[in-house]
Amino acid sequence: MPDFLTHMIFGKDVSASNIKEEKMFNLGLMGPDPFFYVTDNKQYVGFGHRLHDERNEEFMKKLCRTNSDFGLGFRLHFFLDDIFHPLINRICPDDKSHKTLERDLDAFFIREVWNKDHKNYRYDDYFPQALKDEFILGINNAIKVSYNEELDFAKVFSCFRKNMKSLYDNYLFMMFVSYPIKFFSLGRMSYTHFYTLNAPSKEKIEKLGFIELWKKAHEQVHTVLNQGDEKCQESL
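Residues numbered from 1 in each chain as written. Predicted model: local features only at pLDDT ≥ 70, side-chain atom pairs only at ≥ 80, totals over all residues. Heavy atoms only, no water.

Draft legend 1. Highlighting the overall build of the chain. Helix and strand counts for the chain stand at 13 helices and 0 strands. Listing every helix and strand of the chain by position from the N terminus yields α-α-α-α-α-α-α-α-α-α-α-α-α. For 236 residues, the compact-globule estimate of 2.2 N^0.38 gives 18 Å, and the C-alpha radius of gyration of the chain, at 17 Å, lies within 12% of that figure. Each principal axis of the C-alpha distribution contributes one length, and for the chain these read about 45 × 40 × 30 Å. Taking the intrachain contacts of the chain between residues at least 6 apart in sequence as the baseline, contacts between residues at least 24 apart amount to 75%. Of the roughly 11,800 Å² that the chain leaves accessible, carbon and sulfur atoms contribute 50%. Charged side chains of the chain number 32 positive and 35 negative; the gap between the two group centres comes to 4 Å. (Helix = DSSP H or I, 4+ residues; strand = E, 2+ residues; numbered from the N terminus. Rg over C-alpha atoms; globule rule 2.2 N^0.38 Å. Contact = heavy atoms within 4.5 Å. Areas by Shrake-Rupley, 256 points an atom, 1.4 Å probe, with all protein chains shown as cover. Lys, Arg positive; Asp, Glu negative; His and termini not counted. Charge placed at Lys NZ, Arg CZ, Asp CG, Glu CD.)

Draft legend 2. Representation of unusual backbone geometry within the structure. At asparagine 115, a residue that is not glycine, the phi angle is positive and equals roughly 55°. With respect to the helices and strands, the residue asparagine 115 is situated in the loop between α6 (95-114) and α7 (123-126). Positive phi outside glycine occurs at asparagine 148, with the angle close to 55°. Here asparagine 148 lies in the loop between α8 (133-147) and α9 (153-168).

Draft legend 3. Main features of helix α3 (residues 42-53). In this model, α3 (12 residues) spans 16 Å end to end at C-alpha, consistent with the 16 Å of a helix rising 1.5 Å per residue. Listed in full, the buried residues belonging to α3 are Tyr44, Phe47, Gly48, Leu51 and His52. Looking down the long axis of α3, one finds its buried residues gathered within 140° of arc, a one-sided arrangement. Within α3, the exposed residues directed more than 90 degrees away from the buried face are Lys42 and Asp53. Check the buried side of α3 and you find it contacts α4 (57-66), α5 (68-91), α8 and α9. At the N-terminal end of α3, a side-chain oxygen is found 2.9 Å from the backbone nitrogen of glutamine 43, two or three residues along, and the residue is asparagine 41. (Expected span 1.5 Å × (residues − 1). Buried < 20%, exposed > 50% of the residue type's maximum accessible area, 1.4 Å probe, protein only. Arc of directions from axis to C-beta. Polar contact = N/O pair within 3.5 Å; in protein donor to acceptor, adjacent residues only side chain to side chain.)

Draft legend 4. Representation of α5 within the structure. Compared with an ideal rise of 1.5 Å per residue, which puts 24 residues at 34 Å, α5 spans 35 Å between its outermost C-alpha atoms and is within 8% of the ideal. Of all the bends in α5, the greatest, near 40°, is centred on phenylalanine 84, and the proline proline 86 appears no more than four residues after it. In terms of residue burial, α5 counts as a mostly covered element, since 18 of its 24 residues are buried. At the N-terminal boundary of α5, the capping side chain belongs to asparagine 67, with an oxygen 3.1 Å from the backbone nitrogen of aspartate 69. (Bend = angle between axes of the 7 residues up to and from the residue.)

Draft legend 5. How the structure looks around the pattern of salt bridges. The tally for this structure, following the rule as stated, stands at 16 salt bridges. Lysine 99 is paired through a salt bridge with aspartate 3; the nearest N and O atoms lie 2.6 Å apart. Taken together, the residues span a long stretch of sequence, with lysine 99 in helix α6 and aspartate 3 in the segment before α1 (4-15) at a distance of 96 residues. You'll find lysine 99 and aspartate 3 in the same group, each marked buried. A salt bridge links arginine 103 to aspartate 104, with the shortest nitrogen-to-oxygen separation between them at 3.0 Å. The buried category is assigned to arginine 103, whose relative accessible area is 15%. Classification of aspartate 104 as buried rests on a relative accessible area of 8%. Each of the salt bridges in this network shares a partner with another, and the network as a whole consists of Arg50, Glu54 and Glu149. (Salt bridge = Lys/Arg side-chain N within 4 Å of Asp/Glu carboxyl O.)

Draft legend 6. Representation of the nonpolar core. Core analysis: the largest hydrophobic core is formed by 71 residues, its most contacted members being Phe84, Phe127 and Phe153. Tallying contributions element by element places α5 first for this core, with 11 residues. (Core = buried A, V, L, I, M, F, W, Y, C linked by side-chain atoms within 4.5 Å.)

Draft legend 7. Expanded view of the environment of valine 145. One can find valine 145 in helix α8. According to the relative accessible area criterion, valine 145 is exposed, its value standing at 51%.

Spelled out as structure tokens, the structure:
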């Protein structure tokens, strides 16, 4: 799948004019990925995989009714995953190379589309600092009704926020300290592939085929979104 910056760049590119709550929209654009940050509970990580594998239209409608911007972002996450994921999986033989390629795509697209440096990312510029209680209850209910699992999205959001801030808010510092962390932990804590000093060239990304997929995603996105719930369509 593409990583978090690529999802946000694409989402804003195709929907920016009508989004009412941009930070909630960005959180929705993360799709099920925040569940993977609850690393101390296998049920949450497993549910993140389940959401990717078991698409549930009623669940999507409930998300849209809870917050239309969040729901629209969630739909767009799946859409871009479906466009990019087959090629990423063909190129990458393992999780480490998968993350490395996602990292490079983030650095490339934020430079090419937003004319920004990936190293200047700050969590609070893009995501909410807190969530309303009624929103959390709505998500928890959607999970229970649609998937029959008891999970707390407040825990998901807390872990996501904590990890995103610690991993990326001080990008250059974390990039350099990731090497001694890896060394002294004997490789058990390896984050070196999360970071890159420079974005890849346009020629490299084009040769891999992602420029063509980016164009394809833009050409097809509204056809896909118009099939969704009316509450999501209000955000288009």
